[in-house]
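What follows is the residue order along each chain.
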Amino acid sequence: MSSNAVASNVAGGSIKALAGLALAASISSAFAGPVTDAMILNDQNTPNDVLTVGMGTTGQRFSSSTQINSDTVVDLVPAWSFSFGGEKQRGQETQALVHDGKIFITGSYSRLWALDQKTGSKLWSYEHRLPEGIVPCCDVVNRGAALYDNLVIFGTLDAKLVALNADTGKVVWTETIDDFKGGYSYTAAPLIVKGKLITGVSGGEFGVVGRIEARDAKTGKMVWSRPTVEGHMGYLNGKENGISGKTNATWPGDLWKTGGAATWLGCTYGADTNLIYCGTGNPAPWNAFTRPGDNLYSTSTVAINADNGKIEWSYQGTPNDHWDFDGVNEFIAFDLKKDGKTVKAGAKADRNGFFYVLNRENGKLLAASPFVTKQTWASGVDLKTGRPVESNNRPGDPQKAEKGSSVFAAPSFLGGKNWMPMAYSGQTGLFYVPANEWGMDIWNEPITYKKGAAYLGAGFTIKPLYDDYIGALRAVDPATGKIVWEYKNPAPLWGGVMTTAGNLVFTGTPEGFLKAFDAKTGKELWKFQTGSGVVGQPTTWEQDGEQYVGVASGWGGAVPLWGGEVAKKVKDISQGGSFWVFKLHKSGKATVAQQ
Amino acid sequence: MKAIQALIAGLALLASTIAPATRADDDVDGLDRVRKKGTIEFVVYRDFPPYSDDRSGSFTGVDIDMGTALAAALDLKASFRTFIPGDDLDDDLRNQLWRGTIVGGSVGDVMLHVGADPQYVARQDKVSIFGVYYREAIAVSFDPKRFGSYSTLDDLEGHKVGVELGSLADQYLTNYHGGAIAKSVHRFPTLDEAAKAYCQGKLDSAIAPKGELQGLMHDNGCPDRYAAPQPLVLQGIYHGAWELGIAVKKDSPKLRDALAMAMARLIESGELKAIYARHGMDYNAPGLR
């Protein structure tokens, strides 16, 4: 409409023709214009765009596109590639968003680019100016942006939110999540729910208190905040909105004031329940002997009412965590078909090695099964109480031990699964879980210092469980907990998974490959060497009758920082920073004949 | 005093027995670098009274005075940089001395206030920790008016004890006898805030590293009747006492030796003791091993 208005006001055929072209372009792109809540909720069903990290607010990472499928995938070839440039060649954990002829992709060190969807050429870029000396705990990654209205919104390593004009890249608003000097950071992709921007907080440093916040996505103004540690006050529209939980119910003394439970991986949303599902990190301090109790809502999934910011239910995977089993992993809503019934369920593959299936309306535990081969810390989960059956695998009490007693625990603190999101296919009914097989020696370390003073730290050494592989992509049947197939990878898996209606599962490897597997059998059907380790999240979209697959390549993240023996195994992987786009090969002759 | 002399002798011996290091041609010892600049940059913890604090606009504190004196001994000017601490000293050494932070990435020449347990020193392959100058120990101070008697930590039950959040004192007291006095522990984001509350009479006791607590009690005008901090003996695997030293990147043995000699002279001449005294603190000579 605006194109017509311009044309009628300006004399001259050439301009009219130009306006006509613009109009045609906007029609051909079916979902052009501002991104609305309705579009976001329908994202999973619209193959022409990708509006959300997770390919839909539930985070299923499922695409209905079938052009690229288990028969045709052998013909998948690169369409174009974009280099992020600069010297910051590390840690590309992002997922692309596709809308209105543009691809939006974030990079490590808080950078964001808009690319032409057809050509891959750069339209604009935004490089956040990071303060010198910031010490984000867990590398320099960014896990993607959110689209709303005419804005692209992402978070930065110095704990800020930045909203950019999607057409120009100009800053529309910025908000500070918290003080980076206090250890706060931000790496997750924000989530849009009903016009609100939902974010958590990142930070490994002592004193960080987890919380979920909802801001007006158009202005950045705070709507509600909900702390994820019991005893802290929540707020709604600037007014007190009740404390989380009950003070001192599961924390002694005033330890709840700084209880950890950082929400560093963000949230998913179930429109049918109007609940925002967020995972929470480990409690602080690290040593569990100093904080007897369950320490809610650490290492939990917390379900928050999207409108009023109140916790409706929570489920805790690792009460009184002593192994650094962050419970931040994504909770993915799906319909569980079992015994002829359909249950509104959700699933989470936890760092602690259990694959949990919960009723997503009330948080009741339906099933819990291991998705890794070894769990030393618990023998199972009691379905009646929902609690783990612990197997006496905690490091010793530092007051009693003469020497720090070391225990071997599996999974390691990097988790049976870390940040990298799994995928769910309603077609196969399977979850595709990127798992890792490693354990750790863990002990109380008395010879370490903080600000020039001795303190009791944690010592960890990560050890692979097997000689021939660490990573394992596993297809898990949520109805039975059985592993239907697995693909073993030498290096740890650290990238996201995607599945499609074309009977495919995609994921990347640190060895540099993007790989495609048969969704039913796990047979490896295709791979492409991207030049650096793939720790990004693949996605797919359709354009002009062709299906595309895109993934960021660029080794990094926590493995090289924390991996111990494992880090040695991956030290020769080249770093990088680029975005690869693939489509099915068309013969050059056929293309000429068409023209 | 005897101990200090022995220490200095030990340091001199160490310096004399160091073999000339073999290095690539493009490697420059930190000493040559600072001589060329005319300035030596000390890395100090931010917002950290009584040691290093620039919130008033200029640097003050024991570590500042010590750095200034060390620089003067090397005939150099001292400059200081503060930083955001990482989770532990490993992070700080990496970010501030040998690798640099992920943004900016520059490093300083010398780090002060570095924990120097021999096992910790031996673990380092990127930095040298040396010039051990001070012995710190977890200590308790209390207001005698609030206690009928004070002999053991059990007497803290029912009283308010201020500690820095996440500090060794916090860990130890919370864990003490299965949490017997955990409810007495009042945690503050910094020891400075705990000391303020203590000196204002809002707490009955405070537990922290002795020197730090003594300096902060002095800075915050604690009543004279408060007991001077007395070291505690900790049970279990906790290390309740430790030495402090300084650190440089391992590729700079000349700088290390020059600073070691300068530090030895500061200790021998009593200048270091005078610096501590200026900030209301006793000088606790390091133990020998």
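Residues numbered from 1 in each chain as written. Chains lettered and ligands numbered in written order. Predicted model: local features only at pLDDT ≥ 70, side-chain atom pairs only at ≥ 80, totals over all residues.

A. Broad picture of the overall build of chain A. Across its full length, chain A holds six helices and 40 strands. The C-alpha radius of gyration computed for chain A amounts to 24 Å, which stays within 12% of the reference 25 Å derived for 595 residues, consistent with globular compactness. Counting only C-alpha atoms, chain A reaches 90 × 55 × 55 Å along its principal axes. (Helix = DSSP H or I, 4+ residues; strand = E, 2+ residues; numbered from the N terminus. Rg over C-alpha atoms; globule rule 2.2 N^0.38 Å.)

B. Spotlight on the domain arrangement of chain B. Residue and element names in this part refer to chain B. Segmentation of chain B into domains returns domain 1 (2–135 + 243–278) and domain 2 (137–231). Here the C-alpha centre of domain 2 lies 30 Å away from the C-alpha centre of domain 1. With four residues of domain 1 at the contact, the number on the domain 2 side is seven residues. Within the side of domain 1 that touches domain 2, the residues separate by chemical class into three nonpolar, no polar and one charged. (Domains from an automatic or database assignment. Contact = placed C-beta atoms within 7 Å. Nonpolar A, V, L, I, M, F, W, Y, C, P; charged D, E, K, R; others polar.)

C. Summary view of the domain arrangement of chain A. Per the domain assignment, the segments making up chain A are domain 1 (1–30) and domain 2 (31–594). Here domain 1 of chain A and domain 2 of chain A have C-alpha centroids that lie 42 Å from each other.

D. Local environment of the confidence of the model for chain A. Per-residue pLDDT for chain A has a mean of 91; in total, 92% of the residues score no lower than 70. Long-range and interchain partners of residues 1–30 of chain A, a stretch whose pLDDT sits below 50, account for 13 contacts in this model, where long-range means more than four residues apart. (pLDDT = per-residue confidence, 0-100.)

E. Representation of the interface of chain B and chain A in the model. Contacts between the two partners involve 44 residues from chain B, matched on the other side by 42 residues from chain A. Secondary-structure elements contributing two or more residues to the side of chain B that touches chain A are α4 (89–98), β3 (110–115), α5 (118–123), α6 (168–175), β6 (185–188) and β9 (241–249) of chain B. Partitioning the side of chain B that touches chain A into residue classes produces 20 nonpolar, 17 polar and seven charged.

F. Spatial organisation of α4(B). Regarding α4(B), the residues found buried are L89(B), D92(B), L93(B), N95(B), Q96(B) and L97(B). Looking at the buried residues of α4(B), the elements they touch are β30 (438–450) of chain A together with β1 (39–45), β2 (77–83), β3, β4 (127–142) and β9 of chain B. Immediately downstream of α4(B), the backbone of G100(B) shows phi near 100°, a positive value. (Buried ≥ 20, exposed ≤ 12 C-beta atoms within 10 Å, placed from the backbone.)

G. Local environment of the sheet that holds strand β27 (residues 407–409) of chain A. Residue and element names in this part refer to chain A. Taken together, three strands build an open sheet; the order of strands is β27-β30-β31 and the sheet is antiparallel. Strands at the two margins of the open sheet, each flanked by one partner only, are β27 and β31 (453–464). Strand-to-strand, the axes of this sheet are offset by a mean angle of 35°, without reference to chain direction. With 11 bridges joining them, β30 and β31 adopt antiparallel strand pairing. By the bridge assignment for β31, D441 is matched with T461. (Pairing = 2+ DSSP bridges. Axes fitted to C-alpha atoms, helices over the stretch in contact; angles between N-to-C directions.)

H. Here's a closer look at the packing of helix α2 (residues 30–37) of chain B against helix α9 (residues 253–269) of chain B. All names here are of chain B. The contact between α2 and α9 brings their axes to 5 Å, and the two run at 75°. Classified by the angle their axes make, α2 and α9 are roughly perpendicular. The segment α2 lies against α9, with G30, L31 and V34 engaging K254, L255 and A258. The residue inventory of the contact of α2 with α9, partitioned by class, reads four nonpolar, one polar and one charged. (Parallel < 35°, antiparallel > 145°, perpendicular 65-115°, else oblique.)

I. Highlighting the confidence of the model for chain B. Considering every residue of chain B, the mean pLDDT works out to 89; 90% of them sit at 70 or more. Low pLDDT (under 50) marks residues 1–26 of chain B, which in the prediction has 20 contacts with non-local residues, meaning those over four places away or in another chain.

J. Structural detail: unusual backbone geometry. In the segment running from A284(A) into P285(A), the intervening peptide bond is cis, with an omega of -5°. Its location among the elements puts P285(A) in the loop between β18 (275–279) and β19 (300–305). With omega at 5°, the peptide bond leading from P49(B) into P50(B) counts as cis. Relative to the elements of secondary structure, P50(B) occurs in the loop between β1 and α3 (62–73). Its identity as a non-glycine residue notwithstanding, N237(A) has a phi of 50°, on the positive side. Relative to the assigned elements, N237(A) resides in the loop between β15 (233–236) and β16 (239–243). Among the residues examined, N237(A) registers 11 C-beta atoms within 10 Å and is labelled exposed.

K. Quick look at the nonpolar core. Core analysis: the largest hydrophobic core is formed by 164 residues, its most contacted members being F104(A), V152(A), I153(A), I276(A) and Y432(A). Discounting chain neighbours no more than four positions away, the residues touching F104(A) are A96(A), L97(A), L112(A), A114(A), A145(A), L147(A) and V152(A). Membership of the second largest hydrophobic core comes to 90 residues, among which are F42(B), F48(B), V161(B) and A258(B). (Core = buried A, V, L, I, M, F, W, Y, C linked by C-beta atoms within 7 Å.)

L. Main features of the sheet that holds strand β8 (residues 151–155) of chain A. Residue and element names in this part refer to chain A. In spatial order, the strands read β7-β8-β9-β10; together these four strands make up an open sheet with antiparallel pairing. The sheet terminates laterally at β7 (146–148) and β10 (171–176), the two strands that pair on one side only. Averaged over all neighbouring strand pairs, the angle between strand axes comes to 20°, with direction disregarded. Across five bridges, β8 lies against strand β9 (residues 160–165) in antiparallel orientation. Note that in β9 the partner of G155 across the bridge is L161.

M. Here's a closer look at the packing of α3(B) against α9(B). Residue and element names in this part refer to chain B. At their nearest, the axes of α3 and α9 sit 9 Å apart, and the two run at 115° to each other. Remark: the crossing between α3 and α9 carries right-handed chirality. The segment α3 lies against α9, with A69, L70 and A73 engaging L259, A262, M263, R265 and L266. Residue composition of the contact of α3 with α9, grouped by class: seven nonpolar, no polar and one charged. (Left-handed = near helix turned anticlockwise from the far one by under 90°.)

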